[in-house]
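Coordinates in review
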Amino acid sequence: MSSDEFDYGKDERLRSREVTEGPDKAPHRAMFRAMGFDDEDLSSPMIGVPNPAADITPCNVHLDDVAESALDATDEAGGMPIEFGTITISDAISMGTEGMKASLISRELIADSVELVTFGERIDGLVTVAGCDKNLPGMMMAAIRTDLPSVFLYGGSIMPGQHEGRDVTVVNVFEGVGTYAAGEMDADELDDLERDACPGAGSCGGMYTANTMASLSEALGLAPLGSASPPAEDEERYEVARRAGELAVEVVEEDRRPSDILTRESFENAIALQTAVGGSTNGVLHLLALAREAGVDLDIEDFDDISRRTPKIADLAPGGDRVMNDLHEIGGVPIVIRRLLEADLFHGDAMTVTGRTVAEELDRLDLPADDNVSADFLYPIDDPKEDEGAIKILSGNLAPDGAVLKVTGDDEFYHQGPARIFEDEEGAMEYVQEGHIESGDVIVIRNEGPKGGPGMREMLGVTAAVVGAGHEDDVALITDGRFSGGTRGPMIGHVAPEAFVGGPIGLLEDGDEITVDIPDRTLDVDVGADELATRREEWDQPDPAYDNGVLAKFGRDFGSASNGAVTNPGLKSDIDEA
C-alpha cells in the first residue's frame, strides 16, 4: 500500500484532514475505527453534535432522541457525525436556591466546552443541540466563537398541563406558592397544581427564556425559519432535527459560517422579534453576549430604541395565557416575522443559515395567508396589543449603566415607594412569605449581580410569590440579579453597575424613596449626588461570596450585565473591569 493510498480524498479545506489523512495518522484512524467509523466516514466532513442530554431537567431528558435524528440525517447526507456531551443546569429546579448561581455560569461553560472539543478534535462543523435556558445562548456563543459552519437545533417545548379546565405551566406553580402563603390556596389545590403542570418532556412552555432564545435563533439566521415552535414530543420536532443534520453537511460544503450570517441587521431583527412577542429579559443579556462574540456593535440602549418603534403583537405567557404550542398551531415564529417584515420593522435581506435571506425563506414556507390567521393572542401591526414592545431599558441615578424591565401589564406604570433592602434573595423571600409585604413597597435585592452573586440568580420564586400574594401591580422589585422568563409584574433586573463593584444599588438604605417611571424610562432614588458620594466613600466592597472553585473563578471573570456579563477576556471592556 503506497502513501497515496492513505489519502481518503477529503476536501482540502477541511481541518479534520489533520487527524484523518496520511500514513502518520494511522494511529488516529485506528481510534476512529474502534468506534465503528469506516473509510467513507473518514473521507467525509466531521460534524460535531454537542448534546447536553440529561435527566436533570425535562427540558433535556429527550435530547438523545432529538440528537439521534440529527446524527442519522448527517450520516445519510454524507457527513461524519460525532456526538459529544456537555453540561446543563435546570433553572426551574435550582430556582430559589443557592444552586441557581450556577445557571449563568453554565452558559459560559457550555460555550467553552464546545469550543474546546471542536478545537481539540479538529471538527469541521456543528449541529448545536439545546434544551434548557442557558443551553441556547451557550451553544450559539460556541458557534459564533469558533465560526465553524453550524446549525442551531432546539429540543422544543413542553405541552401545557391541564388543571381545572385550563392550561397551566410550571410558572403557575411558582405563583401558587405565593397564593398558598397568602392563605388563598389550600394545600390540596397546590398539590394538584404541582402534579398537573408539567406533562412530559420539553422546555417550559410559555415565551420564557428557552422559547425566547429559540425564536431569536430564527431571527438571527442561525436556525431555519419555523424550527423553534414544534413541541418536544411532536414528530415535527424530529423532522426539524433531520433537517438540521442535512443542513449541517451543506453549510460545511458551502463554507457558510456564522460570520457570513450575523450582522447589525440580524441583531436588530432579533430585538424586534423579542419585543414584539414579549420575550424574556434574559434575551437582552444573551443578545449582548452574542453580539460581543460576533464583533457586532450593540448597546443596551438599542433594545429600548427598537422597542419604542416595534409594537407588541403577541400576547403569550407570562403576560398572557397562551404558550409556544399555540403559536406553532398558527404557523410559528415566521407568522410574527412576516407581519414585522410587511410593516418595515424587520430586515428581509438579512442572511440565514440556509444561504437564503429571511424574505426568500418566508416565500418558500407553506404559511397560511395572513388574512386566514385567526388567533386571539396575535394582533395586527396597526391594532397591536401594545403600541410599544415589551422590553424597556431604564436608567437614572440608581442605574447609570441601565436596567431591564419586561412589561407584562401597564405600559404607563409609575411607582414611588420606600426601599426594603435585602442582601440576598432568601431574605426577600422570607419577608414576602411571612406576610410583611405592603402595597407601595420597593423590594431591593442586591449583591446578586454577575460578580457579587456570582452568576445573577434568576428570582422567579420571589417574584412569583409577590404576584401570588396579590401585589402584581402595587409592589416593585429591583435587583442587580436576573429574572426568569416567566416573571411578570414591575420587576426590574440587570441593574448596573452592580452592588458588588460599588454601583448605586449598593449604596441604598432602607426607606430611601425610589421612583420607577416606565414612560420616562427612569429609575431613580431620591438621594442627592453629594449624599451618594458620601455613602460611596464610606462603602467597603464585600468579600467575594466564594474563595475557591468554579463560582470563585467566574465571580472574578464576569463582566457587567450591561455588556452581556461575558467572561471571554477578549470581549471585556473598560466598563467590565471597573
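Residues numbered from 1 in each chain as written. Predicted model: local features only at pLDDT ≥ 70, side-chain atom pairs only at ≥ 80, totals over all residues. Heavy atoms only, no water.

Rule in force here: UniProt positions are given in the numbering used here, feature names are shortened, and annotations may be inferred rather than shown by experiment.
An unreviewed UniProt entry annotates the protein as Dihydroxy-acid dehydratase originating from Natrialba taiwanensis DSM 12281. The UniProt entry for the protein carries the following text under Sequence similarities (unreviewed entry): "Belongs to the IlvD/Edd family." The record in UniProt for the protein states the following under Subunit (unreviewed entry): "Homodimer."

1. Considerations on the domain arrangement of the protein
This is how it is decided: A domain assignment, automatic or from a database, supplies the domain bounds used here. The criterion used for residue contact is that any of the two residues' heavy atoms lie within 4.5 Å. Throughout, the accessible surface (probe 1.4 Å) given up by two parts as they are put together, summed over both, is called the buried area. Salt bridges are counted wherever a side-chain nitrogen of Lys or Arg sits within 4 Å of a carboxyl oxygen of Asp or Glu. The nonpolar class holds Ala, Val, Leu, Ile, Met, Phe, Trp, Tyr, Cys and Pro. Asp, Glu, Lys and Arg form the charged class, and all remaining residues, Gly among them, are polar.
According to the domain assignment, the protein contains domain 1 (44-159 + 200-372), domain 2 (166-199) and domain 3 (392-573). The straight-line distance from the C-alpha centre of domain 2 to that of domain 3 is 27 Å. Taken together, the contact between domain 2 and domain 3 spans 8 residues of the former and 10 residues of the latter. Summed over both sides, the interface between domain 2 and domain 3 buries roughly 730 Å², with carbon and sulfur atoms accounting for 64% of that surface. When the buried surface of domain 2 facing domain 3 is broken down by residue, Val171, Phe174 and Glu175 rank first, second and third, together holding 57% of it. Seen at the junction of domain 2 and domain 3, the total is 1 salt bridge. Across the pair Glu175 and Arg488 runs a salt bridge whose closest N-O atoms are separated by 2.7 Å. The residue makeup of the side of domain 2 that touches domain 3, split by class, is 5 nonpolar, 2 polar and 1 charged.

2. So, the UniProt feature "binding site: [2Fe-2S] cluster" (unreviewed entry) in the protein
Here is the rule we go by: Per the convention used, a helix needs a DSSP run of H or I reaching at least four residues, while a strand needs a run of E reaching at least two, with both numbered from the N terminus.
UniProt feature "binding site: [2Fe-2S] cluster" (unreviewed entry): in the numbering of this structure it lies at Cys59. Position of Cys59 among the secondary structure elements: in the loop between β1 (46-51) and α4 (63-76). For Cys59, the contacting residues outside a window of four places in its chain are Gly131, Cys132, Gly202, Ser203 and Cys204.

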